[in-house]
Amino acid sequence: MGKIKSILLNELEMSKMLTRISHEIIESHSEISSIAIIGIRTRGEIFAKKIVDNIEKISGDRVHYGILDVTFYRDDFSQNLGSPKVGPSDISFDINSKNIVLIDDVLYTGRTIRAAMDELFSFGRASSIKLGVLIDRGHRELPIKADFVGKNFPTSNNEHVHVLVNEVDGKDEVRLVQY
Amino acid sequence: MKRIETKHLLGLENVSSKDIETIIDVGFTFREVLERPIKKVPVLNGKNIVNLFFENSTRTKISFELAEKRLSADVTNFSASSSSVEKGESLRDTIQNIHVMKMDCVVMRHPIPGSCLQLSNYVDVPIVNAGDGTHEHPTQALLDMMSIKEKFGKIKGLNIGIVGDILHSRVALSNIFGLIKLGANVKLCAPPHLLQRNIEQHGVSVTYDVDELIDWADAVNVLRIQRERMGVGLIPSIREYRKFFGITSERLNRHKKEIVIMHPGPINRGVEIDSDVADGDQAIILDQVLNGVAVRMSVLYLLLGSKDFE
């Protein structure tokens, strides 16, 4: 196990960032009804839900919400079988001609996002796909860039950004862990 | 990291309850994939799976083939009637020839009990038993259990009845092993001569009265009466079997509790089950078929997905 080097974000900072991202998402789409927020299991799913709630508070409109599990689309599948808890995706609306915003907690190599985009195409043809993340920690291995970023944290490869959420871990916090 | 312990799926007798639960749970994930506009995921991209069918099959063969294709595996089909088996080639030679051509998994149906176990001595890739004689048919039992779990939300503590020709049924045997491991109560109902002696040693109970079974059960799995058995004097007549063991709506209506009716197919309408029951609200026969594809995807994914397979 690694040791905690520092606390990057606390609960209040996380919540402010999600509020800002929610505003940015509204600002960048002319038609709110076309927006669909899709969270990547498991942490992204929780942030996506919060963003959907924020957007409803700000604009009064409830946008589409979905969950994506990318296990079956990962390129490192043959090496580690993906995440131990594979669960079903849940996208109950028609994604055709929607403006999708993918939400994940940490953007790192970009491979999860590549998998998520591939998987989205099996549900239909979205008008556009944008990406929102809470933390961008660098070290991209694919040409992928986030459209909405909570905070950029340059990290080294032996560090790990550990995002805790109240719903799973009992508290909201982002830690930098050294291995 | 290995998600299930077992290396092959030869039967459920030697698979742990934890593995069985994992296979069923991951099966529900694949059920969701089957609801998508594009029902295909790239997990087994580049893997080659050979389907060896030494015995006729419609449902199982199509189900496995669909499962393999929806996992993006490459599929090679083999059926005994159009192969060198007709020229007298042994199972071992057939397998070894196919094996040197570098496949990643073998799915086999064979009329001889234990043939899949024997096969595992010749090749070092995962083997999935798609039915070996009167021994086991593990994926059928897994899809039955998945359907029970879908319907009731659990398996533990349920009363599951199995009625029909238990003696010749690989479906029954696999179901018995699996259901008992997952904590269900199993009661069998069959004419006495179509039931193994000492079958109770597997933890099941027995009745010869189908009404008693219906009274007791939450769900009843109705097995096909194999017509080929009739010629050899095991069943005097279809009418007699229907009278004493057939699942008819008249019989079901006599009981207060509404039970779930399952059938592994193919159905002999009017023999072991009546049309109005098979097509009625109580039956989940077509759900079973859909779950079959999902659970087979789960089995292949879990057996082939692991890196440390040796």
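The rules we used
Residues numbered from 1 in each chain as written. Chains lettered and ligands numbered in written order. Predicted model: local features only at pLDDT ≥ 70, side-chain atom pairs only at ≥ 80, totals over all residues. Domains from an automatic or database assignment. Contact = placed C-beta atoms within 7 Å. Helix = DSSP H or I, 4+ residues; strand = E, 2+ residues; numbered from the N terminus. Nonpolar A, V, L, I, M, F, W, Y, C, P; charged D, E, K, R; others polar. Pairing = 2+ DSSP bridges. Axes fitted to C-alpha atoms, helices over the stretch in contact; angles between N-to-C directions. Core = buried A, V, L, I, M, F, W, Y, C linked by C-beta atoms within 7 Å. Buried ≥ 20, exposed ≤ 12 C-beta atoms within 10 Å, placed from the backbone. Expected span 1.5 Å × (residues − 1). Arc of directions from axis to C-beta.

## Quick look at the domain arrangement of chain B
All names here are of chain B.
Point 1. Domain parsing of chain B yields domain 1 (17–137 + 291–304) and domain 2 (138–288).
Point 2. Contact residues are listed per partner, giving 21 residues for domain 1 and 22 residues for domain 2.
Point 3. Looking at the side of domain 1 that touches domain 2, the element that brings in the most residues is helix 1 (residues 17–33), giving six residues.
Point 4. For the side of domain 1 that touches domain 2, the residue count by class is six nonpolar, ten polar and five charged.

## Here we look at the sheet that holds strand 1 (residues 3–9) of chain A
Residue and element names in this part refer to chain A.
Point 1. Spatially, 1-8-7 is the arrangement adopted by the three strands of the open sheet, whose pairing is antiparallel. Strand pairing shows two members of the sheet lacking a second neighbour, strand 1 and strand 7 (159–164), which therefore form its edges. Taken over all neighbouring pairs, the strand axes of this sheet differ in orientation by 30 degrees on average, direction set aside.
Point 2. Both strand 7 and strand 8 (residues 173–178) contribute to a ladder of six bridges, which runs antiparallel. Paired with Val 161 across the strands is Leu 176, a residue of strand 8.

## Some points on the nonpolar core
Point 1. Formed by 142 residues in total, the largest nonpolar core has its most connected members in A:Ile37, A:Ile51, B:Val163, B:Val220 and B:Leu300.
Point 2. The element contributing the most residues to this core is helix 11 (residues 285–304) of chain B, with ten residues.
Point 3. For this core, the two domains that each supply at least three residues are domain 1 (17–137 + 291–304) and domain 2 (138–288) of chain B.
Point 4. Setting aside its immediate chain neighbours within four residues, B:Val220 contacts B:Gly161, B:Val163, B:Leu213, B:Ile214, B:Ile247, B:Ile259, B:Ile261 and B:Met262.

## A word on helix 1 (residues 11–27) of chain A
All names here are of chain A.
Point 1. Between its first and last C-alpha, helix 1 extends 25 Å over 17 residues, near the 24 Å set by a 1.5 Å rise per residue.
Point 2. Those residues of helix 1 that sit buried are Met 14, Leu 18, Ile 21, Ser 22 and Ile 25. In a view along the axis of helix 1, the buried residues occupy a sector of 105 degrees, so they form one face of it. Opposite the buried face of helix 1, at more than 90 degrees from it, the exposed residues are Leu 12, Lys 16 and Glu 27.

## Quick word on helix 6 (residues 170–181) of chain B
All names here are of chain B.
Point 1. When the terminal C-alpha atoms of helix 6 are compared, their 17 Å separation across twelve residues agrees well with the 16 Å that a helix rising 1.5 Å per residue should span.
Point 2. Burial analysis of helix 6 places eleven of its twelve residues in the buried class, which makes it a mostly covered element.
Point 3. Turning to helix 6, its buried residues number three or more, namely Arg 170, Val 171, Ala 172, Leu 173, Ser 174, Asn 175, Ile 176, Phe 177, Gly 178, Leu 179 and Lys 181.
Point 4. Buried residues belonging to helix 6 abut helix 1, strand 4 (127–132), helix 5 (138–152), strand 5 (159–163), strand 6 (185–189) and strand 8 (219–222).
Point 5. At the C-terminal side of helix 6, Gly 183 shows a positive phi close to 90 degrees.

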